[in-house]
Amino acid sequence: MNSPENPLRRYVVHVFALAVLAILYGFARLPGIPESDRAALASGFKFKHFALPELGGFPPRFVRDVHPSLEHMKGWISTVGASIALNDLDGDGLSNDLCYVNVRTNQVLVLPAPGTQDRYDLFDLEPAPLPYDSKTMAPMGCLPGDVNEDGL
């Protein structure tokens with residue numbers, strides 16, 4: 001004869017499963033760090049605000065001209081493409097050269113990083129001889145690289 005299942009046994013199984021889940025949750029949590037240790041680690045790092053230089057002769061625009069169908073999102077389009085890249089462009093072994101896109105003037109500018117020696121003057125990258133129409137195109141990022149693999 002089969003005896004009816006003990007209701008206490010069913011609850012014990014559920015409590016055991018919850019206990020296993022609680023233990024596994026304890027092992028799965030990310031470790032924390034006390035605030036005093038966090039402050040001590042961060043004290044060695046400091047950030048400064050630098051205004052990036054610009055080339056004169058190019059009137060800044062804060063909103064780009066867009067097609068009339070895109071007029072409702074011209075503010076967003078005016079910010080697309082803003083970027084900066086650190087790289088070793090002068091071959092000194094340090095990533096202390098900047099290439100950045102100025103969305104207000106639609107220029108790609110190259111210069112030594114602020115706070116490093118002035119090893120060369122600020123200059124802009126001209127798209128010529130590539131086909132480029134400044135009325136319908138804008139630079140969209142800066143990715144320095146040794147494309148022809150000459151080491152420069």
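Note that this is a predicted model, so its numbers are computed, not measured.

K.L.:
Is there a simple way to explain the packing of aromatic side chains in this structure?
P.N.:
This model, assessed by the stated rule, comprises one aromatic pair. Arranged with centres 6.2 Å apart and planes meeting at 55°, the rings of Tyr120 and Phe123 form a pair that is tilted.

K.L.:
Teacher, can you tell me more about the state of the cysteines here?
P.N.:
As used in these notes, a disulfide is a covalent bond between sulfur atoms, one from each of two cysteines. Applying the stated rule across the entire model yields one disulfide. Paired by a disulfide, Cys99 and Cys142 hold their sulfur atoms 1.6 Å apart. What sets the handedness of the Cys99 and Cys142 disulfide is the S-S torsion sign, and at about 100° it is right-handed. Residue Cys99 is found in strand S2 (residues 97-102), and its partner Cys142 is found in the segment after strand S4 (123-124); the two are separated by 43 residues along the sequence. Note on accessibility: Cys99 and Cys142 belong to one class, buried.

K.L.:
Could you clarify how one ought to interpret the layout of surface pockets in this entry?
P.N.:
A probe matching the size of a water molecule, rolled over the atoms, marks out where space remains unfilled. In this structure, the largest pocket occupies an estimated 430 Å³ of space. In terms of lining, the largest pocket is formed by 16 residues, of which the most central are Leu89, Leu143, Pro144, Gly145 and Asp146. Tallied by class, the residues present in the lining of the largest pocket amount to eleven nonpolar, three polar and two charged. Of the pockets and cavities examined, the second largest pocket occupies roughly 360 Å³. Lining the second largest pocket are 16 residues, and of these Thr105, Asn106, Gln107, Tyr132 and Pro139 sit closest to its centre.

K.L.:
In this structure, what is going on with the pattern of salt bridges? I would like to understand it.
P.N.:
Oppositely charged side chains can pair when the atoms bearing their charge come close. Following the criterion strictly, the structure yields six salt bridges and no others. Of the charged contacts, one joins Glu35 and Arg38 as a salt bridge, the two residues approaching to 3.6 Å between their closest N and O atoms. A residue pair is termed a helical-turn pair when its members lie 3 or 4 positions apart in one helix, as Glu35 and Arg38 do in helix H2 (residues 35-42) at three residues. Look at Glu35 and you get exposed, because its relative accessible area is 56%. One salt bridge connects Arg119 with Asp90, and the closest N-O pair in it is separated by 2.4 Å. With Arg119 in the loop between strand S3 (107-112) and S4 and Asp90 in the loop between strand S1 (83-87) and S2, the pair connects residues that are 29 residues apart, well separated along the chain.

K.L.:
How should unusual backbone geometry be read in this particular structure?
P.N.:
Excluding glycine, a negative phi dihedral is what most residues carry, and trans is how most peptide bonds are arranged. Following Ala128, the chain continues to Pro129 via a peptide bond in cis, the omega torsion being 10°. With respect to the secondary-structure elements, Pro129 resides in the segment after S4. With a phi close to 55°, Asn106 is a non-glycine residue in the positive phi region. With respect to the secondary-structure elements, Asn106 resides in the loop between S2 and S3.

Criteria and thresholds
- Residues numbered from 1 in each chain as written.
- Predicted model: local features only at pLDDT ≥ 70, side-chain atom pairs only at ≥ 80, totals over all residues.
- Heavy atoms only, no water.
- Phe/Tyr/Trp six-rings, centres within 6.5 Å; stacked < 30°, edge-to-face > 60°.
- Disulfide = S-S within 2.5 Å.
- Helix = DSSP H or I, 4+ residues; strand = E, 2+ residues; numbered from the N terminus.
- Buried < 20%, exposed > 50% of the residue type's maximum accessible area, 1.4 Å probe, protein only.
- 1 Å grid on protein atoms, 1.4 Å probe; cavity = no way out; pocket = protein on both sides within 12 Å on 5 of 7 lines; lining within 4 Å.
- Points joined across faces, edges and corners; volume = space filled by probe spheres on them.
- Nonpolar A, V, L, I, M, F, W, Y, C, P; charged D, E, K, R; others polar.
- Salt bridge = Lys/Arg side-chain N within 4 Å of Asp/Glu carboxyl O.

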